[in-house]
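Here's the letter readout for the chains.
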Amino acid sequence: MTRTLAILTLILIVSGCQSLPDTPQGTERNTVFLSAQHCLSEYLQELEKNHYGPCLKVLSVAGTPPAVTDNGFIELPVATPLTLSTSCVFRHADGSPIPQTMETVAFQITDQTFSKPGKRWYLHAHKQARDVVGCEPTLSRSTYPTYKTN
């Protein structure tokens, strides 16, 4: 009985080790992943509804349309200066875009911006979802706005 238990334990340990994740995706290519597009939103508890903030989309990377992965990310090299062309658009209360608010802005990535490969990053249209004007791209590791609006 104990021999069978020992063999089963060994099998579980070996199979568990085999299912450990490899190095983070992008590490072997020295790249990071940036969201190709992202929309901000903020839940308003006092109104019990979601406020739809601005959306940002990456139009080009160093003048070339980005190659977007199936999960919506763009692979970028670590420690490499690049210029991203982005477009921002604000949204109506139902979440639909307001075309008249579309603005195109360049976002500079320096050789210091991304220092560790394999990380996922999000480029937001602004630091918060409410009470903002214009397109001010903000880099974040979170899908949530940098600041909540009071």
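A quick note: this is a predicted structure, and the numbers were derived from the prediction, not measured.

(A) The arrangement of the state of the cysteines in detail. This model, assessed by the stated rule, comprises two disulfides. The side chain of Cys-39 participates in a disulfide bridge whose partner is Cys-55; the two sulfur atoms lie 2.0 Å from each other. Disulfide Cys-39 to Cys-55: torsion about the S-S bond roughly 110 degrees, handedness right-handed. Highlighted residues: Cys-39 in strand S2 (residues 37–44) and Cys-55 in strand S3 (residues 49–61), separated in sequence by 16 residues. Under the relative-accessibility criterion, Cys-55 is labelled buried at 12%. The disulfide that involves Cys-88 links it to Cys-135, with 1.8 Å between the sulfurs. Separated by 47 residues along the polypeptide, Cys-88 in strand S5 (residues 82–89) and Cys-135 in the loop between strand S7 (120–124) and strand S8 (138–140) bring together distant segments of the chain. Comparing Cys-88 with Cys-135 shows no difference in burial state: the two are buried. Ordinal numbering of bonded cysteines along the chain defines a disulfide pattern of 1-2, 3-4.

(B) Geometry of the nonpolar core. Val-58, Leu-76 and Leu-84 are the most contacted members of the largest nonpolar core, which totals 20 residues. Listed by contribution, the elements that provide at least two residues to this core are strand S1 (31–35), S3, strand S4 (73–77), S5, strand S6 (103–109) and S7. Setting aside anything within four residues of it in sequence, one finds Leu-76 in contact with Asn-30, Thr-31, Val-32, Leu-34, Val-61, Leu-82, Ile-109 and Phe-114.

The rules behind the values
Residues numbered from 1 in each chain as written. Predicted model: local features only at pLDDT ≥ 70, side-chain atom pairs only at ≥ 80, totals over all residues. Heavy atoms only, no water. Disulfide = S-S within 2.5 Å. Helix = DSSP H or I, 4+ residues; strand = E, 2+ residues; numbered from the N terminus. Buried < 20%, exposed > 50% of the residue type's maximum accessible area, 1.4 Å probe, protein only. Core = buried A, V, L, I, M, F, W, Y, C linked by side-chain atoms within 4.5 Å. Contact = heavy atoms within 4.5 Å.

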